[in-house]
Amino acid sequence: MHPATRVGVADSDGVMVRTPAPARAMLFLYWHSFANRVRSQAARVRSPRYLIAVALGALYLYWALFRNARMGAAPLAGILTSDITLGIASTASTLLLVSSARWWIFGADRSALAFTPSEVQFLFPAPVSRRGLIQTKLLRMQLAIFVNTIIFSVVFRGHAAQLATWERGLGWWMLFSTLAMHRVGASIVRANAVEHGNSGRRKALLPVVIFGSLIAAVVFGIVTEIPALRAAASGGIKSLVAGITLALDAPVPRYALFPARVLIDPIMNSGTPAWTLSALWSGLIVVGHYFWVVRLDASFEEAAMDATAARVERIQRVRSSQMGQARSKKGKLARVPSLSLSGRPEVAIAWKNLAAALRGGAWRSQLIMFVLGLTTLAVVTRSASSRAGDAFVGVTIGWGAMLLFLGPLWMRFDLRLDLPRLAVLKTYPLPGWRIVLAEIAAVTLLHSITVWSLMSVPVVMFIQDPQLFLESGATVPILVSIVVGVPAFNALMFTIQNGTALLFPAWVRLGTETRGFETMGQNLLTTGATTLVAAVALVFPVGLGALVLWFTNDWGGWSVLAATLLASGIIIAELWPVLHWLGTVFDDTDVNEVVGSA
């Protein structure tokens with residue numbers, strides 16, 4: 001029997017009539033699509049390159065998810081059971097509220113509704129109800145959510161023999177599932193509002209008012225406690241965090257954060273008697289979200305079609321170097337520096353990537369807003385108290401360190417963007433290593449400028465209080481060393497990212513297709529693996545730099561700059577043969593190895 005049909009009832013002549021069975025057809029489609037994908041990926045393991053990667057990846061996953069989880073001193077071991085648990089819950093609840101509000105106020109990413117063109121061709125004309133399409137979309141999200149749940153459960157001290165691990169895992173699943181459904185629902189409602197004009201916008205106004213009021217309540221709770229927060233800031237960062245936690249635990253912000261806090265509680269209460277009640281409340285929110293989303297079936301099909309069309313259009317814009325950004329009414333894009341008619345060809349490749357970031361990536365506007373926001377916060381915190389200013393500097397340093405490691409995952413204006421057009425790249429009259437070098441150089445420059453922008457915080461504070469420069473221990477050589485060392489470190493990180501994409505194009509996400517929060521777990525493991533490779537590459541440069549400082553015993557003078565220059569030079573020396581090797585890999589890579597190459 002065909003998988004898309006089932007035996008139905010007999011007609012008037014007694015002949016059994018087969019009626020459509022869309023659920024079985026979709027199950028057949030997705031199961032065999034998954035099996036074929038696994039089969040094609042497994043076939044690549046016959047290549048020595050992929051075989052070695054599988055072996056190393058298995059060892060890394062074993063260490064990251066199992067061996068490291070059994071260590072008593074694992075990095076995330078005590079976070080959920082420490083004395084700052086209340087502060088973590090309040091902060092996480094606030095972030096969840098802000099993220100959900102962003103989907104309603106500024107618009108959710110329509111990719112949450114998009115289907116692939118083949119799915120549109122097969123499913124939409126089929127006898128599948130709109131509610132069935134929604135359930136299909138939600139079911140497909142569950143695979144990524146399930147993997148994410150496992151990763152987070154194990155990383156946060158998971159152990160299969162402990163009941164608390166299963167309770168915490170269920171809490172993560174409910175959190176991720178609720179956020180996924182909320183994102184889909186917000187996308188449907190906003191798409192419906194656009195389609196129905198004023199009447200639709202009036203219906204979509206209520207959630208905006210509700211979330212705006214909730215955020216206003218949280219801000220009110222913080223503002224009313226400013227005197228107490230100033231006093232708490234004088235006691236250091238720990239005292240300030242405790243003060244913010246108390247401010248968020250006041251009646252008004254506590255009630256505003258209640259829905260988000262309900263989703264966080266099962267994770268925080270795992271292994272305690274309070275888990276059962278908190279899981280019950282969280283489960284009610286999950287079930288409520290499910291029935292809310294499936295009842296939006298009247299608007300889903302049109303919204304999904306529009307989202308699919310928008311995805312196709314965005315891909316076409318990417319291929320025309322617009323990076324997904326629509327042209328203005330005058331038909332122009334953001335202005336970029338002019339390119340000379342003559343010069344080195346690799347400069348043109350780097351210029352192309354810079355133009356993509358300035359145009360479709362909106363990198364320039366984001367950088368301006370970033371610097372203005374940092375400057376404003378620096379002035380406000382320093383004016384509040386010296387302790388608050390010091391705390392903000394500490395936060396800025398932490399954010400800068402995170403940008404160095406996570407930024408290369410976000411900024412993808414390099415081979416990860418261009419590899420789907422490998423056939424075009426191979427027509428360039430350049431050796432492979434020069435193409436690889438140009439792709440990495442442009443994004444390294446962009447991200448270095450982003451990290452350098454964080455220095456606006458100490459600069460503004462030093463201008464406010466010149467004496468602070470002398471008291472802080474910061475020196476001109478240290479600041480110059482930061483400026484010098486950032487590009488070398490970024491070059492290393494982007495070389496690792498681009499090398500991984502070039503060596504394993506079938507296993508790396510290429511292009512600009514965005515993914516939701518449900519893939520955070522995979523990104524966490526990817527970041528860990530990248531950091532591990534970078535740590536190995538930095539052993540020799542950092543070791544020699546430390547020896548220079550040890551011999552000179554000058555930890556704040558120009559010896560710091562000398563050590564940084566030495567370490568940066570060694571990093572470049574390490575990368576030079578790697579770039580030539582990657583160029584050879586680029587030349588030997590067949591176009592058919594890269595999905596979507598055109």
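Thresholds, definitions, all that
Residues numbered from 1 in each chain as written. Predicted model: local features only at pLDDT ≥ 70, side-chain atom pairs only at ≥ 80, totals over all residues. Heavy atoms only, no water. Helix = DSSP H or I, 4+ residues; strand = E, 2+ residues; numbered from the N terminus. Buried < 20%, exposed > 50% of the residue type's maximum accessible area, 1.4 Å probe, protein only. Contact = heavy atoms within 4.5 Å. Areas by Shrake-Rupley, 256 points an atom, 1.4 Å probe, with all protein chains shown as cover. Patch = residues over 30% accessible without salt bridge, like charges linked within 9 Å, V, L, I, M, F, W, Y side chains within 5 Å. Salt bridge = Lys/Arg side-chain N within 4 Å of Asp/Glu carboxyl O. Expected span 1.5 Å × (residues − 1). Bend = angle between axes of the 7 residues up to and from the residue. Phe/Tyr/Trp six-rings, centres within 6.5 Å; stacked < 30°, edge-to-face > 60°. Lys NZ or Arg CZ within 6 Å of the ring centre and 35° of its normal. Lys, Arg positive; Asp, Glu negative; His and termini not counted. Polar contact = N/O pair within 3.5 Å; in protein donor to acceptor, adjacent residues only side chain to side chain. Axes fitted to C-alpha atoms, helices over the stretch in contact; angles between N-to-C directions. Parallel < 35°, antiparallel > 145°, perpendicular 65-115°, else oblique. Left-handed = near helix turned anticlockwise from the far one by under 90°. Nonpolar A, V, L, I, M, F, W, Y, C, P; charged D, E, K, R; others polar. pLDDT = per-residue confidence, 0-100. Arc of directions from axis to C-beta.

Peer 1: I tried to follow the overall build of the chain on my own but got confused; where do I start?
Peer 2: On a plain count of helices and strands, the chain comes out with 24 helices and 2 strands. Here the chain holds 598 residues, and the buried ones make up 43% of them. Counting contacts in the chain only where the partners sit at least 6 residues apart, residues at least 24 apart contribute 78% of the total. Total accessible area on the chain is roughly 31,300 Å²; 70% of this is exposed by carbon and sulfur atoms.

Peer 1: It is not clear to me how a nonpolar patch on the surface should be interpreted in this structure. Could you clarify?
Peer 2: A grouping of L27, W31, F34, V38, L143, F146, V147 and I150 is seen on the molecular surface, where their side chains present a nonpolar patch of about 800 Å² in accessible area. Of all the elements in the fold, those that place two or more residues in the nonpolar patch are helix 1 (22–44) and helix 5 (130–155). Structurally, F146 is set in helix 5.

Peer 1: Explain helix 22 (residues 476–503) here, please?
Peer 2: An α-helical segment advances 3.6 residues per turn. Residues three or four places apart therefore align on the same side. Helix length check: helix 22 (28 residues) gives 41 Å between terminal C-alpha atoms against 40 Å at 1.5 Å per residue, within 8%. Of all the bends in helix 22, the greatest, near 25°, is centred on G485, and the proline P487 appears no more than four residues after it.

Peer 1: Can you help me understand the packing of aromatic side chains in this one?
Peer 2: Two numbers describe a pair of aromatic rings. These are the distance of the centres and the angle of the planes. Taken as a whole and judged by the stated rule, the model has 6 aromatic pairs. Ring centres of F258 and W281 lie 6.3 Å apart, and the angle between their planes is 80°; this geometry places the pair in the edge-to-face category. With a gap of 23 residues between them, F258 in helix 11 (residues 258–268) and W281 in helix 12 (residues 275–294) connect regions that are remote in the sequence. Its relative accessible area of 45% is what places W281 among the partly exposed residues. Between Y290 and F291 the ring centres are 5.5 Å apart and the planes differ by 70°, which places this aromatic pair in the edge-to-face class. Sitting over the ring of Y255, R254 keeps its end group 5.3 Å from the ring centre. Above the ring of F586, the side-chain terminus of K426 is found at 5.3 Å from the ring centroid.

Peer 1: How should I be thinking about the side chain of E439 in this particular structure?
Peer 2: Assignment of secondary structure puts E439 in helix 19 (residues 432–452). It turns out E439 is buried and unbridged, and the closest side chain with the opposite charge, K352, is 4.6 Å from it. At 2.8 Å, the side chain of E439 forms a polar contact with the side chain of N353.

Peer 1: What is the right way to look at the pattern of salt bridges in this model?
Peer 2: Pairs can form between side chains of opposite charge once their charged atoms are near each other. Summed over the entire model, instances satisfying the criterion amount to 6 salt bridges. In this structure, D265 engages R261 in a salt bridge whose closest nitrogen and oxygen atoms are separated by 3.0 Å. One end of the pair is D265 and the other is R261, both in helix 11 and 4 residues apart, which spans about a single turn. Of the charged contacts in the structure, one is a salt bridge between R421 and D418, with a shortest N-O distance of 2.7 Å. No difference in accessibility class separates R421 from D418, as the two residues are buried.

Peer 1: How do you make sense of the packing of helix 22 against helix 24 (residues 558–588) when you look at a structure like this?
Peer 2: Any two packed helices are characterised by how steeply their axes cross, that is the angle between the axes, and by the distance between the axes. Viewed as axis vectors pointing N to C, helix 22 and helix 24 meet at an angle of 15°, and their least axial separation amounts to 9 Å. Here helix 22 is positioned roughly parallel relative to helix 24, judged by the angle of their axes. Once helix 22 is placed against helix 24, the crossing between them reads as left-handed. Classifying every residue of the contact of helix 22 with helix 24 gives 22 nonpolar, 6 polar and no charged.

Peer 1: How should the packing of helix 19 against helix 22 be read in this particular structure?
Peer 2: Two elements in contact, helix 19 and helix 22, have axes whose closest approach is 8 Å; the angle formed by their N-to-C orientations is 135°. Between helix 19 and helix 22, the angle is such that the two are oblique. Crossing hand, helix 19 versus helix 22: right-handed. Contact residues: helix 19 offers V436, I440, V443, T444, H447, S448, V451 and W452, while helix 22 offers I482, V483, V486, P487, N490, A491, F494, T495, N498 and L502. Classifying every residue of the contact of helix 19 with helix 22 by side-chain character gives 12 nonpolar, 6 polar and no charged.

Peer 1: Would you mind showing me how to read the environment of M411 here?
Peer 2: Within the element layout of this structure, M411 appears in the loop between helix 16 (386–410) and helix 17 (415–418). A relative accessible area of 10% places M411 in the buried class. Expressed as a C-alpha distance, the spacing of M411 and A357, which sit 54 residues apart in the sequence, is 8.7 Å. When sequence neighbours within four positions are dropped, the list of residues in contact with M411 reads W363, R416, V443, L446, H447, T450 and F494.

Peer 1: Is there a simple way to explain the confidence of the model for the chain in this structure?
Peer 2: Detail in the predicted coordinates should be disregarded across regions flagged by low pLDDT. Predicted confidence across the chain gives a mean pLDDT of 74, with 68% of residues reaching 70 or more. Looking over the chain, one finds the lowest element-wise mean pLDDT in strand 1 (residues 5–10), namely 46, and the highest in helix 19, namely 91. Under a pLDDT of 50 for its full length, residues 71–77 has, in the predicted model, 10 contacts with residues more than four places off or in other chains. When the criterion is pLDDT under 50, residues 317–332 qualifies, and its contacts beyond four places in sequence or with other chains add up to 29 contacts.

Peer 1: How do you make sense of helix 12 when you look at a structure like this?
Peer 2: The terminal C-alpha atoms of helix 12, which comprises 20 residues, lie 28 Å apart, in line with the 28 Å expected from a rise of 1.5 Å per residue. Among the residues of helix 12, those classed as buried are W275, S278, A279, S282, G283, V286, H289, V293 and V294. Looking straight down helix 12, one finds its buried side chains confined to an arc of 135°; they lie on one side. More than 90 degrees from the buried face of helix 12, the exposed residues found are L277, L280 and L284.

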